[in-house]
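Geometric and topological summary
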Amino acid sequence: MVQSKSWVMVKHFDGFPKDSDFQLKVEELPEPKNGEVLIEAVFLSVDPYMRPFSKLYMKEGDVMIGTQVAKVIQSKNSAFPVGSHVVSSCGWKTHAISDGKDLTLLMADWPKNVPMSLAVGAIGMPGLTALYGVEAVLKAQKGETLLVNAAAGAVGTVVGQIAKIHGCKVVGSAGSDAKVAYLRELGFDEAFNYKTVPSLEEALKKAAPEGYDCFFENVGGQFSTFALQQMKEFGRIAVCGGISTYHDTAYQTGPYPLTTINWKQVKIEGFMQSRWQSDHPQGLKKLMGWYKEGKLKSREHVTKGFENMPAAFMGMLQGENIGKAIVTV
């Protein structure tokens with residue numbers, strides 16, 4: 001019998017999450033049945049989407065949602081041999097029994113010198129989100145100017161690098177000087193700390209006086225209002241998230257920019273990477289190729305210990321991470 005630990009959400013988040021909203025539970029797992037496997041978590045992911053998704057798709061008492069890189073330690077399913085590594089959507093658990101439907105094997109040719117943790121980062125869901133947003137939604141072209149906010153996060157860092165691969169001018173906004181310095185290391189043409197600039201509107205104008213063709217939106221709120229004013233005619237906006245609003249207990253109101261959208265003939269499209277599920281294998285190969293060529297770099301913010309999952313989650317929501325936030329067991 002294997003003992004599994006899991007973090008459950010005992011109370012829906014009211015505003016910003018609190019320690020008391022989580023509870024650590026322990027259970028004994030049975031032996032895998034025919035067709036099942038027992039997996040053990042190696043790297044767990046904490047991501048911004050978990051905050052709004054918890055409200056939409058979870059009830060109190062559920063295990064926190066999320067993905068992880070796990071190792072198969074017992075198997076009665078020939079598709080997942082013992083010792084193989086998978087990406088699982090079982091949530092915040094140290095161990096789980098699975099029939100394989102929620103598992104994806106890591107690429108058979110995953111290089112030994114590439115950290116497997118990237119399978120929940122730059123060569124995983126965040127990387128695919130950036131890829132589809134830049135290529136399928138924005139359709140960014142050489143010579144265009146692309147703006148991305150929350151640019152030093154797991155998705156934003158990849159967005160900027162993919163846009164540079166496509167020959168775009170890239171402008172990034174982040175919340176600390178250290179993050180801005182990292183964006184410049186990655187090759188961003190312009191980067192600024194939105195928390196310290198005297199005027200967000202002027203910072204956006206200064207970074208791209210000619211305006212923006214593409215805007216990869218991760219933040220929402222006031223930033224969106226100012227960014228929209230700087231869009232070029234026929235500009236495109238890919239709405240990936242709105243982290244500035246995730247903890248609101250009442251809806252933000254106005255301004256209402258429909259006239260600006262109309263006059264500039266801006267296209268705004270919300271998206272999630274799951275729309276292109278059938279393209280994931282090809283997308284992951286593309287991301288891996290860029291990583292091996294040195295065109296795609298990744299930084300991780302690592303928290304050690306499964307017991308620190310809630311702290312890692314809340315720290316990520318407060319912007320403590322540069323790059324991808326993960327937890328090692």
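Residues numbered from 1 in each chain as written. Predicted model: local features only at pLDDT ≥ 70, side-chain atom pairs only at ≥ 80, totals over all residues. Heavy atoms only, no water.

Focus: the packing of aromatic side chains
Counted according to the given criterion, the structure contains 11 aromatic pairs. A centroid spacing of 6.1 Å and a plane angle of 35 degrees characterise the contact between Phe215 and Phe223, whose relative ring orientation is tilted. For Phe215, a relative accessible area of 2% corresponds to the buried category. Grouped by ring-pair contacts, the aromatic residues Phe13, Phe22, Trp92 and Phe313 constitute a single cluster. Over the ring of Tyr182 we find Arg299, and its NZ or CZ is 4.1 Å from the ring centre. (Phe/Tyr/Trp six-rings, centres within 6.5 Å; stacked < 30°, edge-to-face > 60°. Buried < 20%, exposed > 50% of the residue type's maximum accessible area, 1.4 Å probe, protein only. Lys NZ or Arg CZ within 6 Å of the ring centre and 35° of its normal.)

Observations concerning helix α4 (residues 177–185)
Along an α-helix, a turn takes 3.6 residues, which lines up residues three or four apart on a common side. Listing the buried residues of α4 in full gives Lys179, Val180, Tyr182 and Leu183. Projection of α4 onto a plane perpendicular to its axis shows the buried side chains occupying an angular sector of 160 degrees, all on one side. Within α4, the exposed residues directed more than 90 degrees away from the buried face are Asp177 and Glu185. Against α3 (154–165), β9 (169–174) and β10 (190–193) lie the buried residues of α4. (Helix = DSSP H or I, 4+ residues; strand = E, 2+ residues; numbered from the N terminus. Arc of directions from axis to C-beta. Contact = heavy atoms within 4.5 Å.)

A few points about the packing of helix α5 (residues 200–207) against helix α6 (residues 222–229)
With their axes 9 Å apart at the nearest point, α5 and α6 run at an angle of 40 degrees to one another. Relative to α6, the element α5 lies oblique. The handedness of the crossing between α5 and α6 is right-handed. Facing Leu200, Glu201 and Leu204 of α5, the residues of α6 in contact are Phe223, Phe226 and Ala227. Broken down by class, the residue content of the contact of α5 with α6 amounts to five nonpolar, no polar and one charged. (Axes fitted to C-alpha atoms, helices over the stretch in contact; angles between N-to-C directions. Parallel < 35°, antiparallel > 145°, perpendicular 65-115°, else oblique. Left-handed = near helix turned anticlockwise from the far one by under 90°. Nonpolar A, V, L, I, M, F, W, Y, C, P; charged D, E, K, R; others polar.)

Brief notes about the UniProt feature "domain: Enoyl reductase (ER)" (unreviewed entry) in the protein
Following the UniProt record, one finds the feature "domain: Enoyl reductase (ER)" (unreviewed entry) at residues 18–327. With 28% helix and 25% strand, residues 18–327 has end C-alpha atoms that lie 18 Å from one another. (UniProt positions renumbered as here; feature names shortened; annotations may be inferred.)

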